[in-house]
Amino acid sequence: MRRFLPAFLLTLGLLLLLGLGAAWYVLWKPNVRVSPFGPAYLYIRTGTGYAAVQDSLLKYDLLEEPRTFAWLAARRDYPTHVQPGRYLVSPGLSNQELLDKLLRGEQDTVVFELNAFKYKPQLARQISRQLEADSGSLRHLLQDNAFLERRYQLDTTTILTLFLPGPYRLLWNTSAKQFLDSAAATHQRFWTAQRRQRADSLQLTPTQVHVLASIVQRETSMKEDKPIIAGVYLNRLRRGMRLQADPTLLWAIGNFGVKRVLNKDKLVESPYNTYKHKGLPPGPITSANRQSLDAVLKPAAHRYVFFCARPDRSGYSDFAETFAEHKQNARRYQHMLDSVGIRR
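The shown structure was predicted, so the numbers you read here are calculated from the model rather than taken from an experiment. (Residues numbered from 1 in each chain as written. Predicted model: local features only at pLDDT ≥ 70, side-chain atom pairs only at ≥ 80, totals over all residues. Heavy atoms only, no water.)

Mind showing me how you'd approach the side chain of Thr 174 here?
Considering the arrangement of structural elements, one finds Thr 174 in the loop between strand E4 (166-171) and helix H8 (176-190). In this structure the side chain of Thr 174 is engaged in a polar contact, spanning 2.6 Å, whose partner is the backbone oxygen of Leu 171. Excluding residues within four positions of it along the chain, Thr 174 makes contact with Leu 131, Glu 132, Ala 133 and Phe 179. (Helix = DSSP H or I, 4+ residues; strand = E, 2+ residues; numbered from the N terminus. Polar contact = N/O pair within 3.5 Å; in protein donor to acceptor, adjacent residues only side chain to side chain. Contact = heavy atoms within 4.5 Å.)

So this is what it looks like as structure tokens:
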């Protein structure tokens with residue numbers, strides 16, 4: 001018996017080493033490929049199962065050894081614990097590390113910029129390109145007046161005031177309703193007690209500030225002019241004058257590409273035609289950014305009630321206190337349009 005003991009121990013040792021090697025190969029050997037296109041992400045849609053995960057791993061050739069991953073996934077009962085999300089699949093991850101991430105639901109957040117938009121379908125398209133939430137679901141909620149009033153105290157006309165353009169950081173599998181809640185939280189953080197006090201001092205509600213800021217935003221991209229233009233419109237509101245804001249007219253006729261507003265445009269019947277109707281329009285004409293909102297909340301103090309784009313096409317405006325001054329400014333601008341052949 002003693003003669004066979006060394007051979008037995010040697011065989012046992014070799015088997016143990018083979019077992020440890022096999023375990024390392026399946027569990028800890030780097031198995032995620034290096035992608036030539038940069039960071040690779042695994043997208044698992046809500047409601048899909050393990051078969052969809054396998055299909056994605058194979059389709060995009062993410063693994064060196066798909067069979068060892070499948071073997072370990074079955075042993076760790078991953079097929080019954082699939083969690084949706086967007087997962088960064090880093091090069092060099094082992095099967096064990098990748099499964100740990102997937103089982104714990106350690107998905108990576110999506111960081112994106114919400115751009116200003118004029119129409120609700122534009123918002124829905126932006127979000128559906130970034131998140132799992134489909135554009136149809138978001139459009140449906142944005143048209144559900146009862147839901148919007150109950151949840152956000154807004155309606156289908158004023159809902160655009162909920163959205164602040166800028167950076168958002170969300171999980172990829174955020175639903176349409178969760179996105180709206182996130183936008184509402186961002187909106188609430190913006191409206192500090194100090195900003196609400198400023199709005200009160202102007203005798204405006206936060207929603208009215210958004211509406212006026214949307215007009216200011218469409219009027220100019222020049223930071224220096226925004227508070228002055230906000231002051232012009234506030235002066236007009238205080239005096240009971242019509243706003244006569246060209247951007248609201250373009251909203252009314254449904255054409256923001258117009259470079260020159262004509263007198264016939266001013267005849268269109270719409271609550272957004274501020275040449276016909278006094279006061280603010282019923283809703284915003286674009287999603288106002290923070291700069292435009294703060295321009296309304298901190299308007300420049302002056303006596304101007306007119307302004308017109310400068311003929312030098314710099315983007316800045318000329319301001320006037322009297323209609324006579326304004327007519328001169330407007331004539332110079334119209335002459336410039338004529339000189340470059342802009343008729344519409």
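The rest of the description comes next.
Help me understand the packing of helix H10 (residues 206-219) against helix H13 (residues 290-297) in this model?
Geometry of a packed helix pair, given as the angle between the helix axes and the separation of the axes. Relative orientation of the contacting elements H10 and H13 amounts to 110 degrees, with a least axis distance of 8 Å. With respect to each other, H10 and H13 are oriented roughly perpendicular. Read as a crossing pair, H10 and H13 show a hand that is right-handed. Contacts from Val 209, His 210, Leu 212, Ala 213, Val 216 and Gln 217 of H10 reach H13 at Ser 292, Leu 293, Val 296 and Leu 297. Its residues assigned to classes, the contact of H10 with H13 shows seven nonpolar, three polar and no charged. (Axes fitted to C-alpha atoms, helices over the stretch in contact; angles between N-to-C directions. Parallel < 35°, antiparallel > 145°, perpendicular 65-115°, else oblique. Left-handed = near helix turned anticlockwise from the far one by under 90°. Nonpolar A, V, L, I, M, F, W, Y, C, P; charged D, E, K, R; others polar.)

Looking at this model, I keep getting lost on the packing of aromatic side chains. Mind explaining?
The geometry of an aromatic ring pair comes down to the distance between the two centres and the angle between the two planes. The tally for this structure, following the rule as stated, stands at 15 aromatic pairs. Ring centres 5.1 Å apart and planes at 25 degrees place the aromatic pair Tyr 119 and Trp 251 in the stacked group. Taken together, the positions of Tyr 119 in the loop between strand E3 (109-114) and helix H5 (120-130) and Trp 251 in helix H12 (residues 246-253) put the pair 132 residues apart, joining distant regions of the chain. For the ring pair Phe 147 and Tyr 152, a centre distance of 5.8 Å and an interplane angle of 85 degrees mean the geometry is edge-to-face. Both residues of the pair, Phe 147 and Tyr 152, count as buried. (Phe/Tyr/Trp six-rings, centres within 6.5 Å; stacked < 30°, edge-to-face > 60°. Buried < 20%, exposed > 50% of the residue type's maximum accessible area, 1.4 Å probe, protein only.)

Help me understand the pattern of salt bridges, please; the structure alone is not making it clear to me.
Between side chains of opposite charge, pairing is possible as soon as their charged atoms come close. By the definition in use, this model includes nine salt bridges. A salt bridge links Arg 33 to Asp 61, with the nearest nitrogen and oxygen atoms 3.2 Å apart. In this pair, Arg 33 sits in the loop between helix H1 (5-28) and strand E1 (40-44) while Asp 61 sits in the loop between helix H2 (50-59) and helix H3 (66-75), placing the two residues 28 residues apart along the sequence. Among the salt bridges present, the one from Arg 310 reaches Asp 318, with a minimum N-O distance of 3.2 Å. The class of Arg 310 is partly exposed, set by a relative accessible area of 30%. When salt bridges with common partners are traced through the structure, they connect Arg 33, Asp 61 and Glu 64 into a single cluster. (Salt bridge = Lys/Arg side-chain N within 4 Å of Asp/Glu carboxyl O.)

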